Amino acid sequence: MTINYSEKIPNNVNLANDRTLQRALEHWQPHFLQWWHEMGPTDFEKAEVYLRTATSVDAKGWATYGAVHMPEYRWGIFLADAVPERKIGFGDAMGQSVWQQVPGEYRSTLRRLIVTQGDTEPASVEQQRLLGHTCPSLYDLRNLFQVNVEEGRHLWAMVYLLHAYFGRDGREEAEELLARHSGDSDKPRILITFNEPISDWLSFYCFTYFTDRDGKYQLKSLAESSFDPLSRSCRFMLTEEAHHMFVGETGIGRVVKRTLEVMKELGTDDPARIRAHGAVDLPLLQKYLNFWCSSSVDLFGSEISSNSAANFANGLKGRPDEEQYEDHVLRGATLRMESPDGKGGIRTEDVPMLNALNEVMRESYLKDCEIGLKRWNRAIERAGQGFRLTLPSPHFRRSIGAWAGLPVTPQGKLISRAEYDKRLPDWVPSESDRAFVRSLMQKVAEPGKMAAWVAPPERGINNLPVDYEYVHLA
Ligand SMILES: [Fe+2]
Ligand SMILES: [Fe+2]
């Protein structure tokens, strides 16, 4: 199924056949564009950006590439192809037909799931809106804008579901998605991580590595949903999401590469000397990883959760890649879990698996996070350096769940509050670390040129050379 670009809203959902829905979305469209103008990337509306735009859901060629002005990007509504006679794949109704409409009893829960996912999409665009001014290269600038326009499209994907399946409440929620803003004291975004400022590119790479990967896991679990339009929507969003994590993984990899070059050139691993040379020392990078990883693991929610149990049992939200498991009902299954005992120690307990699914998701997420670390550490090892990057313990610096607010080291050890407070600046970026990173952020906008703190990428976008003019600044 190709997408009809002659319509105001490109779509493969037959919008032309539903005039009421089409009118409602055409009414929302100018509000979205106004939001983009006010809250999207600042000062780049006249720039021509080499962007990919989704034009079909065909696995062989779903996107076209070309130079566009971002406000003219064709944000559209695309669902992955329906799986014929798809059956519910998990929970108590397993094996029954999936739903093409929202069952009345799950209406508010499904709406909440869609709104929570939808809220993260514009939030990240808001978080990143100033980054263009300090881009390390035109290649990076283009990638930033690619991620931004696609998060905008992900918002469209969720707004379509709200408008098409949730009537008036859905339309109101769609307006609210444009009314909350990242970091706003009156109307913040729903989840904490999406209110953290992303004011430098090291944070941007970490965000796309850790937080977009949380997005991948949320989308994968919603792609399992019995509510078929949600499933199909998320399946297509995952196609775009892969590039966001690529930006993070290769971004951090390029920082590591550049740092290793500087270490070799200076013949030292002394952070002060590396910083004086305008590069990011590895312990500093580790602090950024600690910050963004610990913030992102909170997004999976409490270790023990009756909501996650109900969402699974009712078939609303599955586990990522549900087909990898044998038991899809989980009645009677348990998971062994370590929890704080409230007296400064740790106890081990068996928790009903249905209540432990947030933890199951968090564990598979962290396993996925390890892949990049292995790659970066291999580069460090090959350069003959002893430092190793690690993921912090999932109990470190938590604000949600059993470990919330507890003084735990990045290695997972429970320590005294006084010691924790004293050592925290060694584990996450301190004010002076952040000031140093900010001092590196100077705009480089000549084709092929790179900022001194990051190595060039191995290849360009869509087989173009690295020195291609990916953004033509007005
Ligand atoms: Fe997204
Ligand atoms: Fe993303």
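Everything below is about the structure shown above.
Residues numbered from 1 in each chain as written. Chains lettered and ligands numbered in written order. Predicted model: local features only at pLDDT ≥ 70, side-chain atom pairs only at ≥ 80, totals over all residues.

K.L.:
Help me understand the overall build of the protein in this model?
P.N.:
Check the secondary structure of the protein and you find 12 helices and 5 strands. Taken against the 2.2 N^0.38 rule, which gives 23 Å for 474 residues, the C-alpha radius of gyration of the protein at 23 Å falls within 12% of a compact globule. By its C-alpha atoms, the protein is 65 × 60 × 45 Å across when sized along the principal axes. Per-residue burial over the protein gives 44% buried out of 474 residues. Intrachain contacts of the protein at a sequence separation of at least 6 include 69% that bridge at least 24 residues. (Helix = DSSP H or I, 4+ residues; strand = E, 2+ residues; numbered from the N terminus. Rg over C-alpha atoms; globule rule 2.2 N^0.38 Å. Buried ≥ 20, exposed ≤ 12 C-beta atoms within 10 Å, placed from the backbone. Contact = placed C-beta atoms within 7 Å.)

K.L.:
Where do I start with helix α5 (residues 201-223) in this structure?
P.N.:
Along an α-helix, residues three or four positions apart point the same way, because every turn accommodates 3.6 residues. The terminal C-alpha atoms of α5, which comprises 23 residues, lie 31 Å apart, in line with the 33 Å expected from a rise of 1.5 Å per residue. The element α5 is extensively covered by neighbouring structure, given that 22 of its 23 residues are classed as buried. (Expected span 1.5 Å × (residues − 1).)

K.L.:
Just checking my understanding: could you explain the pairing of strand β1 (residues 48-54) for this structure?
P.N.:
Within a regular strand, the side chains alternate between the two sheet faces. In terms of burial, β1 is a largely internal element, 5 of the 7 residues being buried. Across 7 bridges, the pairing between β1 and strand β2 (residues 63-69) is antiparallel. Across the sheet, E48 pairs through a bridge with H69, a residue of β2. As paired elements, β1 and strand β5 (residues 471-472) share 2 bridges and run antiparallel to each other. Bridge assignment links V49 to a residue of β5, and that residue is V471. (Pairing = 2+ DSSP bridges.)

K.L.:
How do you make sense of the nonpolar core when you look at a structure like this?
P.N.:
One broad trend across soluble globular proteins is that nonpolar side chains are buried collectively. Core analysis: the biggest nonpolar cluster contains 63 residues, and L202, Y205, C206, V255, Y288 and W292 have the highest contact counts within it. The set of elements that each furnish at least two residues to this core consists of β1, α3 (138-165), α5, α6 (228-266), α8 (282-297) and α10 (357-382). Counting 44 residues, the second largest nonpolar core, distinct from the first, contains W75, L162, L177 and L222. (Core = buried A, V, L, I, M, F, W, Y, C linked by C-beta atoms within 7 Å.)

K.L.:
I'm lost on the environment of Y420 in this one. Help?
P.N.:
When you line up the elements, Y420 lands in helix α11 (residues 417-427). Accessibility expressed as a C-beta count within 10 Å gives 17 for Y420, which makes it partly exposed. Once residues lying within four places of it in the same chain are set aside, the contact partners of Y420 are P407 and I415.

K.L.:
It is not clear to me how the packing of α3 against α6 should be interpreted in this structure. Could you clarify?
P.N.:
The relative placement of two packed helices comes down to the angle between their axes together with the axis-to-axis distance. The contact between α3 and α6 brings their axes to 10 Å, and the two run at 170°. The orientation of α3 with respect to α6, classified from their angle, is roughly antiparallel. Facing N143, Q146, V147, E150, H154, A157, L161 and Y165 of α3, the residues of α6 in contact are P229, L230, S233, M237, E240, H243, H244 and V247. Of the residues that constitute the contact of α3 with α6, the class distribution is 8 nonpolar, 6 polar and 2 charged. (Axes fitted to C-alpha atoms, helices over the stretch in contact; angles between N-to-C directions. Parallel < 35°, antiparallel > 145°, perpendicular 65-115°, else oblique. Nonpolar A, V, L, I, M, F, W, Y, C, P; charged D, E, K, R; others polar.)

K.L.:
Can you walk me through α8 in this structure?
P.N.:
Between its terminal C-alpha atoms α8 stretches 22 Å, which fits the 22 Å expected from 16 residues at 1.5 Å a residue. For α8, the buried fraction is high: 14 of the 16 residues fall into the buried class.

K.L.:
Explain the sheet that holds β2 to me, please; I cannot follow it from the model alone.
P.N.:
Sheet strands pair via backbone hydrogen bonds, and the direction of the pair is either parallel or antiparallel. Pairing in this open sheet of 3 strands is antiparallel, and the strands run β2-β1-β5 from one edge to the other. Every other strand in the sheet has two partners, leaving β2 and β5 as the edge strands with one partner each.

K.L.:
Could you clarify how one ought to interpret the environment of T390 in this entry?
P.N.:
Of note, T390 is situated in the loop between α10 and α11. Counting along the chain gives 210 residues from T390 to R180, while the straight-line C-alpha distance between them is 35 Å.

K.L.:
Sorry, what's going on with the packing of α5 against α6 here?
P.N.:
Remark: α5 packs on α6, axes separated minimally by 8 Å, with the N-to-C direction vectors making an angle of 155°. Judged by the angle between their axes, α5 and α6 are roughly antiparallel. Between α5 and α6 lies a crossing whose hand is left-handed. Residues of the contact of α5 with α6, tallied by class, amount to 15 nonpolar, 6 polar and 7 charged. (Left-handed = near helix turned anticlockwise from the far one by under 90°.)

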